[in-house]
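Each chain is listed here by its residues.
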Amino acid sequence: MALRPDDFLEKLYASNKPQYSFNAKNVSEWKIWRDNLRNAFIELLGGFPEEKVNLNPRLVEQKELDDHIRQRVVFNTLEDLEMIAYVLIPKNANGKLPAVVACHGHGYGSKDVVGLNFDGTEKSGDPGYEKNFGLELVRRGFIVVVPELLGFGDRTLDEDRLNPYKGENSCYKISTNLLLYGKTIAGIRVYETMRTIDYLFTRSDVAVDRIGCMGISGGGLVCAFTSAIDERIKVSVISCYLNTFKDSIMAIRHCIDNYIPGILRYAEMPDIVGMIAPRPLLIEAGLYDHIFPIHGARVAFEKLEAIYSFLGAREKLESDFFEGKHEISGRKAYDWFVRWL
């Protein structure tokens with residue numbers, strides 16, 4: 001017996017047996033595992049609406065730049081909730097193009113990914129940890145849509161509308177409110193990303209059978225979870241997120257938006273991400289990432305290797321464990337989309 005709860009927590013994790021830890025012996029068992037885990041996971045996220053509201057997309061801003069056109073669009077996602085997103089379109093493009101959904105991490109929102117400061121002016125100098133990865137993608141010929149994730153940028157609560165200038169957000173209040181209804185902010189963000197894909201299906205310039213997703217940090221969570229659930233995403237890049245829950249959000253103070261009540265009863269993080277298999281997946285992880293440590297990323301990647309190898313798809317899984325911190329690498333990511341999308 002002990003007053004301090006360290007051993008209690010360690011033994012709680014050690015004795016926990018996730019119901020859907022991957023252990024399939026054949027393809028039939030894999031399909032059952034995937035479908036059952038997906039259904040349980042959606043329920044834990046808070047569930048999705050049975051009926052979709054009309055998107056009613058509208059263009060609110062457009063600017064022609066040297067090598068691409070930057071649009072800003074608004075569309076409905078849920079009853080009483082709208083999404084605002086940037087769309088980057090390569091100049092002089094012909095026909096339908098592949099598209100990538102770019103999910104930003106913590107910071108001031110979608111503007112950071114498309115080369116803008118929070119006040120809308122063009123960014124110069126240090127690109128930050130997200131390294132304008134939306135621009136990198138559009139310059140390689142992809143249409144890029146960058147949804148403003150709930151709680152960030154222009155989608156903070158009204159009381160926090162000036163906070164994004166300081167890199168803050170509305171995650172805590174939105175999350176705690178949703179939890180009291182049995183919902184999660186992760187679930188809302190995943191569902192709204194799925195609605196963003198619905199929006200891409202309305203565009204005549206998008207090859208809807210060639211849609212990818214890339215996200216970093218909190219956006220890596222959204223990319224990972226949406227890719228696991230929505231098979232319309234054909235190629236994924238998860239940056240600075242893949243880990244074990246034990247080595248990341250259970251070991252280090254993280255934003256509340258990372259926590260899904262009851263998830264460990266069903267799966268560890270690599271099991272969830274493993275539902276992406278056998279679709280192409282690249283994992284970026286910085287060797288010196290202080291919030292998603294590299295040792296946890298390596299453990300999780302080994303589990304992914306087992307799943308992809310089991311499905312005969314090992315060549316569709318790649319890693320970029322790079323010399324860096326919590327930041328985009330890009331060393332392999334953009335070529336990964338060119339190769340598979």
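Whatever comes next refers back to the structure up there.
Being a predicted model, the structure only gives us computed values, none of them experimental.

All right, on to the pattern of salt bridges then. Evaluated as defined, the whole model comprises 28 salt bridges. Note that Arg-38 is salt-bridged to Glu-231, the shortest N-O span being 3.1 Å. Of this pair, Arg-38 sits in helix H2 (residues 27-45) while Glu-231 sits in the loop between helix H6 (218-229) and strand S7 (233-239), and the two are 193 residues apart along the sequence. Of the residues examined, Glu-231 reaches a relative accessible area of 36% and is grouped as partly exposed. Through salt bridges with shared partners, one network takes in Lys-52, Arg-195, Asp-198, Asp-230 and Arg-232.

Right, let's talk about the packing of aromatic side chains for a bit. Two measures describe an aromatic ring pair: the distance that separates the ring centres and the angle between the ring planes. Taken as a whole and assessed by the stated rule, the structure comprises twelve aromatic pairs. Aromatic side chains Phe-41 and Phe-225 sit 4.9 Å apart centroid to centroid with 90° between the ring planes, which places their arrangement in the edge-to-face category. Of the two residues, Phe-41 is situated in helix H2 and Phe-225 in helix H6; the sequence distance between them amounts to 184 residues. Exposure class is identical for Phe-41 and Phe-225. Each is buried. Ring-pair connections join several aromatic residues into one group, and the members of that group are Phe-41, Phe-225, Tyr-241 and Phe-292. Stacked on the ring of Trp-30, the Lys or Arg Arg-34 has its end atom at 4.6 Å from the ring centre.

Criteria and thresholds
Residues numbered from 1 in each chain as written. Predicted model: local features only at pLDDT ≥ 70, side-chain atom pairs only at ≥ 80, totals over all residues. Heavy atoms only, no water. Salt bridge = Lys/Arg side-chain N within 4 Å of Asp/Glu carboxyl O. Helix = DSSP H or I, 4+ residues; strand = E, 2+ residues; numbered from the N terminus. Buried < 20%, exposed > 50% of the residue type's maximum accessible area, 1.4 Å probe, protein only. Phe/Tyr/Trp six-rings, centres within 6.5 Å; stacked < 30°, edge-to-face > 60°. Lys NZ or Arg CZ within 6 Å of the ring centre and 35° of its normal.

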